[in-house]
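# Coordinate analysis (summary)
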Amino acid sequence: MKYTDNRQVFTWNEETQSGIPYVSFRMLDELGYPNLYTTRYRNWDKAKGTGAKGIRIAYMKGEDVAEARSVISKNLGLLAEDMGSNLNHLVVTHQLHTANVKMIGEEDLGYWKSVEIEDGIDGLVTNVPNACLVVYGADCPSIYIVDPVKHAIGLVHAGWKGTFGKIPEAAIAMMQSAYGSNPADMYAAIGPSICEDCYEMGDEIYDMLAEQWGMEDAELLMKRHESGKYHLDLWQANRLTLERAGVPSNHIEVTNICTCCNVDDFYSYRAHKMENEQAAMLVNRGGRT
Ligand SMILES: [Zn+2]
């Protein structure tokens with residue numbers, strides 16, 4: 001891990017029970033919500049300051065489904081146990097760059113059940129105690145949302161399409177209507193993902209943002225760099241959506257870790273294409289003993 005975290009937003013967890021290293025948000029840790037974001041490492045040797053790479057944590061197209069799921073379920077199960085949860089309380093998404101969010105009840109829990117969830121779900125919300133939500137990303141931000149008052153959580157995958165579609169707002173709205181959550185009580189964290197410098201986009205994407213969000217937002221969130229190409233700031237865009245949905249700005253954290261600038265440590269779609277992804281995980285435990 002060679003980047004610096006000047007603002008002390010996250011913790012780099014090297015010595016974990018599972019042996020799998022990960023990053024976690026201090027703010028969410030302090031609120032009592034176990035959370036993590038994996039890296040490319042299967043394990044980490046603290047003495048050597050390096051680790052074995054190549055963890056398989058997400059199913060990739062073209063893989064043998066049964067074989068991949070047996071490896072993935074083992075890794076996710078170990079990580080869930082690190083967080084005081086387990087595979088039977090875990091739910092994974094079938095994300096397709098939508099702004100669709102699914103409400104997870106007691107009856108939906110369990111990895112093997114959740115792999116059958118319909119396609120096109122990019123976010124999950126729940127108020128079931130100890131439920132462990134999982135979304136994937138390799139450049140796309142994962143956004144963690146917790147409501148310590150109503151004991152509810154949300155986790156969404158927000159690539160540029162989900163970001164433009166305001167998926168964090170959809171999760172917050174669902175938590176308000178289903179659980180009586182007040183956004184003013186919520187905390188949110190924007191996970192490791194591609195930075196503005198690395199995220200070059202075509203002019204048509206700028207036009208799309210201007211059409212959907214208005215010119216003022218488009219000018220704020222997409223700037224022309226020296227190359228003449230537009231770059232999109234996914235961190236700022238999602239922070240804006242969270243704030244406009246009513247989450248206080250001092251309740252929002254961004255890791256500032258770019259997956260594409262740190263290709264040794266993270267899978268990056270732009271850098272590695274479809275090698276694999278990171279898992280973002282969040283357990284609904286806060287405020288409970
Ligand atoms: Zn970058």
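The structure this text deals with has already been given above.
We now turn to the structure provided with this report. These numbers come from a predicted model, not from an experiment.

## Topic: the sheet that holds strand 13 (residues 230–232)
- Spatially, the three strands line up as an open sheet ordered 11-13-12, and their pairing is antiparallel. On the outer flanks of this sheet lie strand 11 (200–201) and strand 12 (222–224), each paired with one strand and no other.
- Bridge count for strand 11 against strand 13 is two bridges, and the pairing is antiparallel. Paired with M201 across the bridge in strand 13 is Y230.
- In this fold helix 6 (residues 203–213) packs onto strand 11, strand 12 and strand 13, with an angle of close to 55° to the strand it touches most, strand 13.

## Thoughts on the environment of S142
- Along the chain, S142 turns up in strand 8 (residues 142–147).
- A sequence separation of 20 residues divides S142 from D122, and the C-alpha atoms of the two residues are 9.9 Å apart.
- Each residue touching S142, except ones within four places of it in the same chain, is listed here: Y37, V135, G137, L155, H157, G191 and A280.

## Some words on the nonpolar core
- L133, V134, Y144 and M281 are the most contacted members of the largest nonpolar core, which totals 79 residues.
- With sequence-adjacent residues up to four places away left out, L133 is seen in contact with V91, L124, T126, I153, L155, M281 and L282.

## Here we look at unusual backbone geometry
- For N130, which is not glycine, the phi torsion reads 70° and is therefore positive.
- With respect to the helices and strands, N130 occurs in the loop between strand 6 (123–126) and strand 7 (132–137).
- Despite not being glycine, K166 has its phi angle at roughly 55°, a positive value.
- Looking at the element boundaries, K166 is found in the loop between helix 4 (160–164) and helix 5 (167–179).
- C-beta crowding within 10 Å serves as the criterion here: with 22 such atoms nearby, K166 is assigned to the buried category.

Analysis parameters
- Residues numbered from 1 in each chain as written.
- Predicted model: local features only at pLDDT ≥ 70, side-chain atom pairs only at ≥ 80, totals over all residues.
- Pairing = 2+ DSSP bridges.
- Helix = DSSP H or I, 4+ residues; strand = E, 2+ residues; numbered from the N terminus.
- Contact = placed C-beta atoms within 7 Å.
- Axes fitted to C-alpha atoms, helices over the stretch in contact; angles between N-to-C directions.
- Core = buried A, V, L, I, M, F, W, Y, C linked by C-beta atoms within 7 Å.
- Buried ≥ 20, exposed ≤ 12 C-beta atoms within 10 Å, placed from the backbone.

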